[in-house]
Amino acid sequence: MTLKNFLFTSESVTEGHPDKVCDQISDAILDEFLTKDSKSRVAAETTVTTGMALVCGEITSNCYVDIPTVVRNTIKSIGYNGEEGGGFDYKTCAVLTSIDEQSTDIAGGVNKALETRNDNADVSKDETLDIGAGDQGIMFGYACNETPELMPLPIALAHKLAYRLAEVRKQRRVNYLRPDGKSQVTVEYVDGKPKRIDTIVISTQHDPIVNGVEDNQKIQEIIRKDMIELVIKPVFEGYEVKPDETTKYLINPSGRFVIGGPQGDAGLTGRKIIVDTYGGYSRHGGGAFSGKDPTKVDRSAAYAARWVAKNIVKAGLAEKCEIELAYAIGQAQPVSVLVDTFDTGKISDQELSKIVSETFDLRPAAIIKQFDLRNLPSKNGGKFYQKLAAYGHVGREDFFVPWEQTEMAETLAKKANI
């Protein structure tokens, strides 16, 4: 039996969160390599802690990238510039690198897919089969009709709150905010639909002295008022479901949040995979996105699954839809494709699965070609994947993201006779 009445919570974090610092550094490195050599193979992992950033991984490319400079520029753009940034400083932090080339065993499976290794096979003439999946694994994509961007409401709101919090800091609407921050939204569902906002949590790093005030209780009162007026209220202006008189506001519930970012906690690439996707509302295959070039299906196939699910919902074929894809390393074709509309589909999931298989080419090279994944950084001034590394890889409307387009909706509707 499907649960109809419940509370659901999702969280997001600002770009100053230590894990997100790492994601952005890894994706900034990817952007730089793909801009200079679009066929670069990149698997860049980053960790940060007090006074240090370490980049390690496997990279094969025909170009040179000054990784320490990329790291420092990324940290600077986030806002960590010494005392004003809360102690972590792009100028003085140590930057360590440990980079190897991609394993030849992995490269062999990616360079030529399993299906094309028999020279007598007809499929060897199909160039889109030339690339095998860069790893085995499962990926999920999801969409629902709760918001205009077809995302679950809790994560959509959490992202917008975190984004707005960073905006208020960067625009100096107040002068005491520091880069680290978190948001969390609890939505009450009635009969399976978002009905009201139960709880909003904002935790924001701040200066030890706020507006000339040193008393911690008074600081909390100032921050609470500013967060409600400058962050929360503007975000909800565009939503039908809004906070009401019973909504709970938890602003910096721990009390004081001066020490934050890499000085407060170590960060690591790939530790915010639920923030990056659907806020826990949909299943997740476990693979992170940041720092990985498009041959890694953890990234490219997850984007494709979102594209398929979003077009299905946009076409009116279901109120919610989840797509699972599975791949074997070195093989181009998915080993399985599952469509689940949670009993909201206008046709059966079996019929919809057949339409998906006929309509979408989900081989890695076809996905890369469909979204032009290798050339997106050079087409966006050298920064594309870094932008995705904070505030979600799906559901984005603040810049053009190819897998968020719904150009296939009409085709799907026609095939389903809807």
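Residues numbered from 1 in each chain as written. Predicted model: local features only at pLDDT ≥ 70, side-chain atom pairs only at ≥ 80, totals over all residues. Heavy atoms only, no water.

S.K.: Sorry, what's going on with the state of the cysteines here?
M.R.: In protein structure, a disulfide is the covalent linkage between the sulfur atoms of two cysteines. Considering all chains together, one arrives at zero disulfides under this definition. Not part of a disulfide, C63 finds its nearest cysteine sulfur in C56, a span of 19 Å. Considering cysteine sulfurs only, C22 is the nearest to C93, which forms no disulfide, with 11 Å between them. Look at C93 and you get buried, because its relative accessible area is 2%. (Disulfide = S-S within 2.5 Å. Buried < 20%, exposed > 50% of the residue type's maximum accessible area, 1.4 Å probe, protein only.)

S.K.: Looking at this model, I keep getting lost on the confidence of the model for the protein. Mind explaining?
M.R.: Scored by pLDDT, the protein has a mean of 93; 92% of the residues are at 70 or more. In this model residues 119-127 is a low-confidence stretch, pLDDT under 50, and it forms nine contacts with partners more than four residues away in sequence or in other chains. (pLDDT = per-residue confidence, 0-100. Contact = heavy atoms within 4.5 Å.)

S.K.: It is not clear to me how the sheet that holds strand β1 (residues 6-13) should be interpreted in this structure. Could you clarify?
M.R.: Working definition: the strands of a sheet are paired by backbone hydrogen bonds and lie parallel or antiparallel to each other. Read from one edge of the open sheet, four strands run β1-β6-β7-β8, paired in mixed fashion. The open sheet terminates on both sides in strands that have one partner only, identified here as β1 and β8 (243-251). Each adjacent strand pair in this sheet contributes to an overall mean axis angle of 20 degrees, direction not counted. As paired strands, β1 and strand β6 (residues 177-190) are joined by eight bridges and run antiparallel to one another. Across the sheet, the residue bridging to F8 is V187, located in β6. Across the sheet, helix α4 (residues 153-170) is in contact with β1, β6 and β7 (193-206); its angle to β6 comes to roughly 155 degrees. (Pairing = 2+ DSSP bridges. Helix = DSSP H or I, 4+ residues; strand = E, 2+ residues; numbered from the N terminus. Axes fitted to C-alpha atoms, helices over the stretch in contact; angles between N-to-C directions.)

S.K.: Would you take a moment to explain the sheet that holds strand β11 (residues 336-340) for this structure?
M.R.: Taken together, the three strands give an open sheet; going across it, the order is β5-β10-β11, and neighbouring strands pair in antiparallel fashion. Bordering the open sheet on either side are β5 (137-144) and β11, each of which pairs with just one other strand. On average, each strand axis in the sheet is tilted by 15 degrees relative to the strand beside it, whichever way the strands run. By the bridge criterion, eight bridges tie β5 to strand β10 (residues 320-327) in an arrangement that is antiparallel. Looking at β10, one finds that M139 is bridged to L325. Contacts between helix α8 (residues 297-314) and the sheet are confined to β5 and β10, with β5 contributing the most and set at about 30 degrees to the helix.

S.K.: I keep staring at helix α2 (residues 67-78) and nothing clicks. Help me out?
M.R.: Note on helix geometry: an α-helix contains 3.6 residues per turn, so any two residues three or four positions apart are oriented the same way. Compared with the 16 Å implied by 1.5 Å per residue over 12 residues, the 17 Å span of α2 between its first and last C-alpha is a close match. Every buried residue of α2 is listed here: I67, V70, V71, T74, I75 and I78. Taken around the axis of α2, the buried residues stretch over an arc of 130 degrees, which confines them to a single face. Those residues of α2 that are buried lie in contact with α1 (18-36), β3 (52-60), β4 (94-100), α4, β6 and α12 (385-388). (Expected span 1.5 Å × (residues − 1). Arc of directions from axis to C-beta.)

S.K.: When you look at unusual backbone geometry in this model, what are you seeing that I'm missing?
M.R.: Residues apart from glycine generally show negative phi values, whereas peptide bonds are mostly found in trans. Phi is positive for D191, which is not a glycine, with a value near 55 degrees. You can see D191 is positioned in the loop between β6 and β7. Residue class for D191 comes out exposed when judged on its relative accessible area of 57%.

S.K.: Can you help me understand a negative patch on the surface in this one?
M.R.: Where like charges cluster on the molecular surface, the negative patch consists of E45, E58, D100 and E101. Assignment of secondary structure puts E45 in strand β2 (residues 41-49). (Patch = residues over 30% accessible without salt bridge, like charges linked within 9 Å, V, L, I, M, F, W, Y side chains within 5 Å. Areas by Shrake-Rupley, 256 points an atom, 1.4 Å probe, with all protein chains shown as cover. Salt bridge = Lys/Arg side-chain N within 4 Å of Asp/Glu carboxyl O. Lys, Arg positive; Asp, Glu negative; His and termini not counted. Charge placed at Lys NZ, Arg CZ, Asp CG, Glu CD.)

S.K.: Just checking my understanding: could you explain the environment of A315 for this structure?
M.R.: Tracing the sequence through the fold places A315 in the loop between α8 and β10. Considering only alpha carbons, one finds A315 and T74, 241 residues apart in sequence, at a separation of 39 Å. Ignoring anything within four residues of it in the chain, the contact list for A315 reads A409, L412 and A413.

S.K.: How should the packing of α4 against helix α5 (residues 216-236) be read in this particular structure?
M.R.: A pair of packed helices is captured by two measures, namely the crossing angle of their axes and the spacing between those axes. The contact between α4 and α5 brings their axes to 9 Å, and the two run at 135 degrees. By the criterion of interaxial angle, the relationship of α4 to α5 is oblique. Crossing handedness for the pair α4 and α5: right-handed. Together, L157, K160, L161, R164, L165 and V168 of α4 and M227, L230, V231, I232, P234, V235 and F236 of α5 make up the contact between the two elements. In terms of residue class, the contact of α4 with α5 is built from 11 nonpolar, no polar and two charged. (Parallel < 35°, antiparallel > 145°, perpendicular 65-115°, else oblique. Left-handed = near helix turned anticlockwise from the far one by under 90°. Nonpolar A, V, L, I, M, F, W, Y, C, P; charged D, E, K, R; others polar.)

S.K.: Is there a simple way to think about the packing of aromatic side chains in this case?
M.R.: Pairs of aromatic rings are described using the distance from one ring centre to the other and the angle between the two planes. In total, this model carries 16 aromatic pairs according to the counting rule given. An angle of 65 degrees between the planes, with centres 5.8 Å apart, marks the rings of F371 and W403 as edge-to-face. One end of the pair, F371, is in helix α10 (residues 364-371); the other, W403, is in the loop between α12 and α13 (409-415), with 32 residues separating them in the sequence. On the accessibility criterion, F371 (3% relative accessible area) is buried. The cationic tip of K387 hangs over the ring face of F399; the distance from NZ or CZ to the ring centre is 5.1 Å. (Phe/Tyr/Trp six-rings, centres within 6.5 Å; stacked < 30°, edge-to-face > 60°. Lys NZ or Arg CZ within 6 Å of the ring centre and 35° of its normal.)

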